[in-house]
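Residues per chain, in single letters:
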Number of protein chains: 4
Amino acid sequence: MQKNHSVQNKNKGRLLISCADQPGIVAAVSQFLYSQGANIVESNQHSTDPEGGTFFMRIEFEYEGLEENASNLKEAFAAIAENFEMDWRLSLASQLKKTAVFVSKEPHCLLELLWEYQSGELDAEIALVISNHEDSRTFVESLGIPYYYIPANKDIRKEVEKKQLQLLEENQIELIILARYMQILTPDFVSQHPNRIINIHHSFLPAFIGAKPYERAYARGVKLIGATSHYVTNDLDEGPIIEQGVERVSHHHNAEDLKRIGRSVERSVLARAVNWHLQDRVIVHENKTIVFH
Amino acid sequence: MQKNHSVQNKNKGRLLISCADQPGIVAAVSQFLYSQGANIVESNQHSTDPEGGTFFMRIEFEYEGLEENASNLKEAFAAIAENFEMDWRLSLASQLKKTAVFVSKEPHCLLELLWEYQSGELDAEIALVISNHEDSRTFVESLGIPYYYIPANKDIRKEVEKKQLQLLEENQIELIILARYMQILTPDFVSQHPNRIINIHHSFLPAFIGAKPYERAYARGVKLIGATSHYVTNDLDEGPIIEQGVERVSHHHNAEDLKRIGRSVERSVLARAVNWHLQDRVIVHENKTIVFH
Amino acid sequence: MQKNHSVQNKNKGRLLISCADQPGIVAAVSQFLYSQGANIVESNQHSTDPEGGTFFMRIEFEYEGLEENASNLKEAFAAIAENFEMDWRLSLASQLKKTAVFVSKEPHCLLELLWEYQSGELDAEIALVISNHEDSRTFVESLGIPYYYIPANKDIRKEVEKKQLQLLEENQIELIILARYMQILTPDFVSQHPNRIINIHHSFLPAFIGAKPYERAYARGVKLIGATSHYVTNDLDEGPIIEQGVERVSHHHNAEDLKRIGRSVERSVLARAVNWHLQDRVIVHENKTIVFH
Amino acid sequence: MQKNHSVQNKNKGRLLISCADQPGIVAAVSQFLYSQGANIVESNQHSTDPEGGTFFMRIEFEYEGLEENASNLKEAFAAIAENFEMDWRLSLASQLKKTAVFVSKEPHCLLELLWEYQSGELDAEIALVISNHEDSRTFVESLGIPYYYIPANKDIRKEVEKKQLQLLEENQIELIILARYMQILTPDFVSQHPNRIINIHHSFLPAFIGAKPYERAYARGVKLIGATSHYVTNDLDEGPIIEQGVERVSHHHNAEDLKRIGRSVERSVLARAVNWHLQDRVIVHENKTIVFH
């Protein structure tokens, strides 16, 4: 489904809608797009409950000259949106989301993202990498991506986040990826980026919330280990889950083996979650996600 | 998603559409349903190619008094269908499809279907079971399902199929499930039930087409074995694939082990494929399936 | 690997050993078996830590006239066992373990076990089924297995267990399978059958310990649901894990869907765990299992 | 299980054995290791058939001063090996296998191997990379690995292979990895490296042998795509299979999507197969592999 080249995406728009479920929504929206000369390429919808639930919709469409006429299109749609009291947004596939990656020592998740980025499989503009370690600088800079080393620990959290927030603002960052960034963010930081911070937790949530999940998985003697990618909220590892994955382990494996095996689960789970977000496939509702893929 | 009780499905309809892709289809169809007072519950679409391809759509909707007014609804939709030169059908979820299960000696796939049937998870009316062996009679009849023993071999194929076709006609069978039925059907038989015969082949097609797939998988030393459920055509094991599954094996396993391990893949793959068909989620296009699930 | 017919297993023995790790164990044991004229068919070992850890071994061997000479063989091995201060047992594959299945209303796990039992894939003698409901009587008795209906609730737990324990004793039960038996067992009951009660919990432990795991999984918005088979201890759902499995779910699925999807995971996970126990492939060490498969 | 640092592996040896199955093998080998003061860390065995089959064994052991005394140990074992007419080899975990990676344009499999190499998870010494394209030079050389660009096409195959074979000989290469190298090797080349060339084929063999497997998988409408890692023989894609993996696809995916999805299967399947080979876990018997993991 994924188109990699901006040129291919020149005329591709994505309309995301959520509102109280009621008759006529699909008719009104599709009628609107048709009347505007837009051609629906992909369409997904979900209703929490046909009676009195919430309705969600994602439409991907082709529209000749979208970039020039996006604002007119939005203006025209506003009327319909008002009728149905919709939360909605219209995004252009050609406008890649400005993204910042946070990482600590372990590079595997960062490398996975950079690799897909390199091969044109990640619909993002990776504007910068921020780390509390120097380890990954060489590789990141070799791709022409600025690397900011900001030492961190819980005692200087405020100052650290001040620097980070400034960088994010200067670069107009729309998505923050915590690619195994091992520092906890303050409520203040999180509240400034609602549903725009994606974390990878190295366990099958809600099992093993918090620190040292692999050690605890080993201690419990589980037969599968997992990873979970979720939006960051102020409840540690309690944010809306976007994607999860697992891998089989056995009594042969010690805690170190679990970490090694887990790395490949972590990186693929995070990469999938990030791609879905970048393609506007994820809608957050209460503490859950609707993922249209 | 699945609703098990006919009463729940009293007002549920499914509209399946395929036609040349062109602007305005979704608008016209959703506008129609809205104007009729139908409420869209689930909607899926697919286009083989936005330019000049074929467009497919499945809409599940709630419509008060559907059973009484189905014919009016169809009549009203016919006009739109004509405009877009659609192939289409409207089916009622409350009208369970009359189904016949064919089986030989191995009962595992039959048992799986009967269990889901028993537990109300199979949206079918299993009208009869036909077998060239007596093995499964007791269990089938204990569920009040007629069991017809029709000995078969390739020399008497014509007479056998004559009896089978008569039973299918008498019972107005809409779906034939080959649950490990080890006789080959004649082109004449198949042509009378296009895309209405579902088979389970005990390999990961197109690998190991034909006889003794597990023996050949063992001989080849594969590390995964599979099963494939597909519609039956006159090209052996070449029909449109509905679903596939695999399971891991190793050098520890001999051909008998592969058969044992494979049984659980076969039964779950067949059950999924059958359920999708029964819920009108499968559209056949050329030699492939579009499965809206 | 599995041989289904007792006759095939006439001469097959299984030797399970655990002791402090030290040099010469494998040499001594294999030398012993060789000197006795036994032929090693399968051998597995594990050490928690080559220096000062615990050593575990399972050897499957063929021994002409095993049934007649088992006691002599045990006597002869006792000397070696003493040298290395081993915990050990020698079991005969031909002596199927007497098994009791406990079930409440939901039959899917029971049915799975009976089905494998029927098809000769379960190396057990199912001596009886105990239930606090009548639902499964017909099917169980149709296989010639006694069915005991013992109404249960937490107020009469003691009396209920008294009846159950009596049945278990009368039938010399060696393994108790809780196939979705929804009553909690008392510490007294559990302590009488250490590592001989296998439960299936309908979640990916340690997530969703306790009641209503599917409802809670739905509420949390997980993207995978799971099942866990474990030995029962007096810490609810905290016993040694034997096997786990997962299945993918999405925002399309409500709590009822999760239950339906979960059933097929539960039954296959339980069946695998039970088979491994029956084939003496599971050793419990502290709160974990070593599974030699 | 994997230990990454040579120092940890200083005293670790691996003994691989195959011979006609007969009583006393395990006893003799384990007795020998014990008498030499070696401590068995891991042991696996397999027999194609207890009566008159072939017996395979892999023993991993710790032996103080292995590097100095390896030759004595081998000499001492030769006597036993002769008794049982064994094919055998004793390898030192500390001696990393000299490896050459061949790649064409697509870098994902090469990158996967280099990352694991970088992170110390690949027990190999990657001595050089050979490619018929320049694409991957920068990244390879950034890791200090020599990169040889040797243009190739079927008309100049002989000259190309002459250069390649010379490089392999100069570097005493013990393992050749075809990481999506799209040129066919001549029988002469292959015969010089029996069971020492590992290829990744981008299909679930034996399905889609040969060229354009993803295009053909798309044309067939499969619901799962796969990848297969195998030793190269002179029958195209018919060599002994080491590992396979699959990923789910649907009607939404075109041939390009299958390639993208397949890349992550290919790289993980190849990496597992290569690691097993490097750890001497793979034994080739006839046209199959025994993989002790």
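Residues numbered from 1 in each chain as written. Chains lettered and ligands numbered in written order. Predicted model: local features only at pLDDT ≥ 70, side-chain atom pairs only at ≥ 80, totals over all residues. Heavy atoms only, no water.

Chemist: Could you give me a rundown of helix H4 (residues 108-118) of chain D, with the residues and numbers involved?
Modeler: Among the 11 residues that make up H4 of chain D, 9 are buried, leaving the element largely enclosed by the rest of the structure. His108, Cys109, Leu110, Leu111, Glu112, Leu113, Leu114, Trp115 and Glu116 of chain D are the residues of H4 of chain D that are buried. (Buried < 20%, exposed > 50% of the residue type's maximum accessible area, 1.4 Å probe, protein only. Helix = DSSP H or I, 4+ residues; strand = E, 2+ residues; numbered from the N terminus.)

Chemist: Talk me through the packing of aromatic side chains; I want residue IDs and the actual numbers.
Modeler: Following the criterion strictly, the structure yields 22 aromatic pairs over all chains and no others. Centre to centre, the rings of Phe77 of chain A and Trp88 of chain A are 5.0 Å apart; their planes meet at 70°, and the pair counts as edge-to-face. With Phe77 of chain A in helix H2 (residues 66-83) and Trp88 of chain A in strand S4 (residues 87-92), this pair connects stretches of sequence that are 11 residues apart. Look at Phe77 of chain A and you get buried, because its relative accessible area is 0%. Note on Phe102 of chain C and Tyr181 of chain C: the rings are 5.3 Å apart at their centroids and 90° apart in plane angle, and the pair reads as edge-to-face. One end of the pair, Phe102 of chain C, is in strand S5 (residues 97-103); the other, Tyr181 of chain C, is in the loop between strand S8 (175-178) and helix H6 (187-191), with 79 residues separating them in the sequence. Through a chain of ring-to-ring contacts, three or more aromatic side chains come together here, namely Phe32, Phe77 and Trp88 of chain A. In this structure, Lys288 of chain B packs its charged tip against the face of Tyr218 of chain D, placed 3.3 Å from the ring centre. (Phe/Tyr/Trp six-rings, centres within 6.5 Å; stacked < 30°, edge-to-face > 60°. Lys NZ or Arg CZ within 6 Å of the ring centre and 35° of its normal.)

Chemist: Please provide a residue-by-residue account of the packing of helix H1 (residues 25-36) of chain C against helix H2 (residues 25-36) of chain D, values included.
Modeler: The geometry of H1 of chain C relative to H2 of chain D is characterised by a closest axis approach of 8 Å and an angle of 150° between their N-to-C directions. For the element pair H1 of chain C / H2 of chain D, the angle class is roughly antiparallel. Between H1 of chain C and H2 of chain D lies a crossing whose hand is left-handed. The segment H1 of chain C lies against H2 of chain D, with Val26, Ala27, Ser30, Gln31 and Tyr34 of chain C engaging Val26, Ala27, Ser30, Gln31 and Tyr34 of chain D. Per-class residue counts for the contact of H1 of chain C with H2 of chain D are 6 nonpolar, 4 polar and no charged. (Axes fitted to C-alpha atoms, helices over the stretch in contact; angles between N-to-C directions. Parallel < 35°, antiparallel > 145°, perpendicular 65-115°, else oblique. Left-handed = near helix turned anticlockwise from the far one by under 90°. Contact = heavy atoms within 4.5 Å. Nonpolar A, V, L, I, M, F, W, Y, C, P; charged D, E, K, R; others polar.)

Chemist: Before we move on, could you go through the packing of helix H8 (residues 213-220) of chain D against helix H9 (residues 255-278) of chain D and cite the residues and values that matter?
Modeler: All names here are of chain D. At their nearest, the axes of H8 and H9 sit 9 Å apart, and the two run at 120° to each other. Overall, the two elements H8 and H9 adopt an arrangement that is oblique. Where H8 crosses over H9, the two elements pack in a sense that is right-handed. Taking contact as the criterion, the partners of Tyr214, Glu215, Ala217 and Tyr218 in H8 are, on H9, Ala255, Leu258, Lys259, Gly262, Arg263 and Glu266.

Chemist: Can you lay out the interface of chain B and chain D for me, pointing to particular residues and giving the numbers?
Modeler: Counting from both sides, the interface comprises 34 residues of chain B and, opposite them, 33 residues of chain D. Sorting the residues of chain B by area buried against chain D places Arg220, Lys223 and His251 of chain B first, and these three jointly supply 27% of that buried surface. One can count 4 salt bridges joining chain B with chain D. Across the pair Arg220 of chain D and Glu238 of chain B runs a salt bridge whose closest N-O atoms are separated by 3.7 Å. Inspection of the region where chain B meets chain D yields 20 residue pairs in polar contact (both at pLDDT 80 or more). Mapped onto the side of chain B that touches chain D, the elements with two or more residues apiece are strand S2 (39-47), helix H7 (213-220), strand S11 (241-248) and strand S13 (288-291) of chain B. If you tally residues by element for the side of chain B that touches chain D, the top one is S11 of chain B, at 7 residues. (Buried area = accessible area lost by both parts, 1.4 Å probe. Salt bridge = Lys/Arg side-chain N within 4 Å of Asp/Glu carboxyl O. Polar contact = N/O pair within 3.5 Å; in protein donor to acceptor, adjacent residues only side chain to side chain.)

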